Amino acid sequence: MSHDDLIDHLVRSTPLSRGEAGRVVLDVLAYFDETTEEFVRRRHRELQSGGLTNADIFERITAELPYRAVAPPELSPRQLRRIVYG
């Protein structure tokens, strides 16, 4: 899929070069292409490395999930644990 129109817009509206704008578009698309499970696992790793406890991590992830590009159904802390630990 070509994103030339979006890349052209970014080049016109920002100081990004065409190559930089293309990389930004691909990065954003990859970010929003994560499945719910991939997002939960990635955020758990990131927040855990920041020293947060699981209780705080799962509360934060629960608050972040509705703001994903396509919001998943509400997940309980138990469902989040099962995604992370299997």
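For the structure, check the block above.
Residues numbered from 1 in each chain as written. Predicted model: local features only at pLDDT ≥ 70, side-chain atom pairs only at ≥ 80, totals over all residues. Heavy atoms only, no water.

### Section: the overall build of the chain
On a plain count of helices and strands, the chain comes out with 5 helices and 0 strands. Traced from its N-terminal end to its C-terminal end, the chain shows the element sequence α-α-α-α-α. Radius of gyration (C-alpha) of the chain: 17 Å, far over the 12 Å computed for a compact globule of 86 residues. In terms of its C-alpha atoms, the chain occupies a principal-axis envelope of roughly 45 × 25 × 20 Å. With 86 residues in all, the chain has 26% of them scored as buried. In the chain, the proportion of contacts linking residues at least 24 apart, taken out of those at least 6 apart, comes to 36%. With an accessible surface of roughly 6,200 Å², the chain has 55% of that area assigned to carbon and sulfur atoms. (Helix = DSSP H or I, 4+ residues; strand = E, 2+ residues; numbered from the N terminus. Rg over C-alpha atoms; globule rule 2.2 N^0.38 Å. Buried < 20%, exposed > 50% of the residue type's maximum accessible area, 1.4 Å probe, protein only. Contact = heavy atoms within 4.5 Å. Areas by Shrake-Rupley, 256 points an atom, 1.4 Å probe, with all protein chains shown as cover.)

### Quick look at the packing of helix α3 (residues 36-49) against helix α5 (residues 77-85)
Angle between the axes and distance between the axes are the two parameters that describe a pair of packed helices. The interhelical angle for the contact between α3 and α5, taken along N-to-C directions, is 85°, at an axis separation of 9 Å. Here α3 is positioned roughly perpendicular relative to α5, judged by the angle of their axes. Residues Glu37, Val40, Arg41, His44 and Gln48 of α3 touch α5, and the partners they reach there are Leu80, Ile83, Val84 and Tyr85. Looking at the contact of α3 with α5, its residues break down into 5 nonpolar, 2 polar and 2 charged. (Axes fitted to C-alpha atoms, helices over the stretch in contact; angles between N-to-C directions. Parallel < 35°, antiparallel > 145°, perpendicular 65-115°, else oblique. Nonpolar A, V, L, I, M, F, W, Y, C, P; charged D, E, K, R; others polar.)

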